[in-house]
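Read off the chains here:
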Amino acid sequence: MSRSSSRGRSRPSSIFRGAVGVGALALAAACGSSGQPSAAAGHSKSAMPEMSSSMPMPSESMSMGSGMLPMGAKEMHVAIVSPASGTTVTGNSVTVQVKVTGYKDTCALAGKQVMGMEATTTGHYHVLLDGSLINMFCTPAAVVSLQNVKPGMHTLTVVPALDDHAQVDANARSIMFDYAPATPT
């Protein structure tokens, strides 16, 4: 915390800048630009997705219902091609085949503020496991590590996202799968 010239008084602007920086680092870590999955740790056995501290909290700008996303965001769609819901996964990762429509799937502008019509012509998608953000992807296939995931039923969700990482939650798609590893990691 920065101190001003008078003893014992902190500068509020320094505190605010620090908080913004920490928040930006947390989102950057959760949405790495590599397109590779991070370790999926500490997931619950719940079949229903739930919020995680690693995900940004929903805000008006992240919800289709509030009207804060750009107009064309409603055209951003994802479909989970495979695996099918109800699949049993015995390996220590699951490969998700994703088809996007209504936008170009690219990581080139990820994390950047894009304005106007261009804001909804490019994007990527986020993958969540049991409501916890795994990573962002911009490829037709996403490999999700199941390291430290307990055997049992889990929910995998794919959500289209704008370049600034705002999620189009209304167009998210989910499947459930049974994790029954031959040798859990």
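Let us look at the structure shown here. Residue numbers run consecutively from 1 along every chain, following the written order of its sequence. Since the coordinates come from a predicted model, pLDDT governs what is reported: local features require at least 70, and pairs of side-chain atoms require 80 or more to be given and counted, while whole-chain, interface and lining totals use all residues. The side-chain figures draw on all heavy atoms in the structure; neither hydrogens nor water molecules are used.

## Here we look at the overall build of the chain
Numbered from the N terminus, helices here are DSSP runs of H or I no shorter than four residues, and strands are runs of E no shorter than two. A tally of regular secondary structure across the chain gives 1 helix and 9 strands. Whether a residue is buried, partly exposed or exposed follows from its accessible area with a 1.4 Å probe, protein chains only, as a fraction of its type maximum: under 20%, in between, or over 50%, in that order. Buried positions account for 38% of the 185 residues belonging to the chain. Across the chain, the fraction of contacts at a sequence separation of at least 24, relative to all contacts at a separation of at least 6, is 69%. We get accessible surface area from the Shrake-Rupley algorithm with a probe of 1.4 Å; when it comes to residues, only the shown protein chains can shield them. Here the chain displays about 9800 Å² of accessible surface, and carbon together with sulfur accounts for 59% of that area. Contacts: residue pairs with any heavy atoms within 4.5 Å of one another.

## Side note on the packing of aromatic side chains
Each pair of aromatic rings taken from Phe, Tyr and Trp, with Trp reduced to its six-membered ring, is defined by centres within 6.5 Å and is described as stacked if the planes are under 30 degrees apart, edge-to-face if over 60, and tilted in the remaining cases. Under the counting rule described, the total for this entry stands at 1 aromatic pair. The interplanar angle of 25° and the centroid separation of 6.0 Å between the aromatic rings of Y125 and F137 together place this pair among those described as stacked. One end of the pair, Y125, is in strand β5 (residues 122-129); the other, F137, is in strand β6 (residues 132-137), with 12 residues separating them in the sequence. Each member of the pair, Y125 as well as F137, carries the same accessibility label: buried.

## Side note on the sheet that holds strand β3 (residues 93-101)
We call two strands paired when DSSP finds no fewer than two bridges between them. Ordered in space as β1-β3-β7, the 3 strands form an open sheet in which the pairing is antiparallel. Among the strands making up the open sheet, the edge pair consists of β1 (77-82) and β7 (141-145). Going from strand to strand, the sheet's axes swing by 35° on average, the running direction of each strand aside. In the sheet, β3 pairs with β7 via 5 bridges, with the strands oriented antiparallel. If you follow Q97 over to β7, its bridge partner there is A141. Only C-alpha atoms enter the line fits that serve as axes; for helices the fit covers just the stretch in contact. Angles between N-to-C directions range over 0 to 180 degrees.

## A word on the state of the cysteines
In protein chemistry, a disulfide is the covalent bond that joins the sulfur atoms of two cysteines. Put simply, a disulfide is two cysteine sulfurs that come within 2.5 Å. Per the stated rule, a full pass over the model turns up 1 disulfide. In this model, C107 is linked to C138 through a disulfide, with the two sulfur atoms separated by 1.9 Å. Torsion about the S-S bond of the C107 and C138 cystine: about -110°, corresponding to left-handed handedness. Here C138 lies in the loop between β6 and β7 and C107 lies in the loop between β4 (104-105) and β5, a separation of 31 residues in the sequence. Across the pair, C138 and C107 agree in class, each one buried.

## Looking at the side chain of D163
Inspection of the secondary structure puts D163 in the loop between β8 (152-162) and β9 (173-179). Comment: no salt bridge for buried D163; closest opposite-charge side chain is K112, at 9.0 Å. For D163, the side chain forms a polar contact with the side chain of T122, separated by 2.4 Å. Beyond its immediate sequence surroundings of up to four residues, D163 is in contact with T106, L109, A110, G111, K112, V114, T122, G123 and H124. Positive charges are assigned to Lys and Arg, negative charges to Asp and Glu, while His and the chain termini are left out of the count. When a carboxyl oxygen of Asp or Glu is within 4 Å of a side-chain nitrogen of Lys or Arg, the pair counts as a salt bridge. Within 3.5 Å is the distance limit for a polar contact, defined as a pair of N or O atoms, with the added protein rule that one can donate a hydrogen and the other accept it, and that residues adjacent in sequence qualify only through two side-chain atoms.

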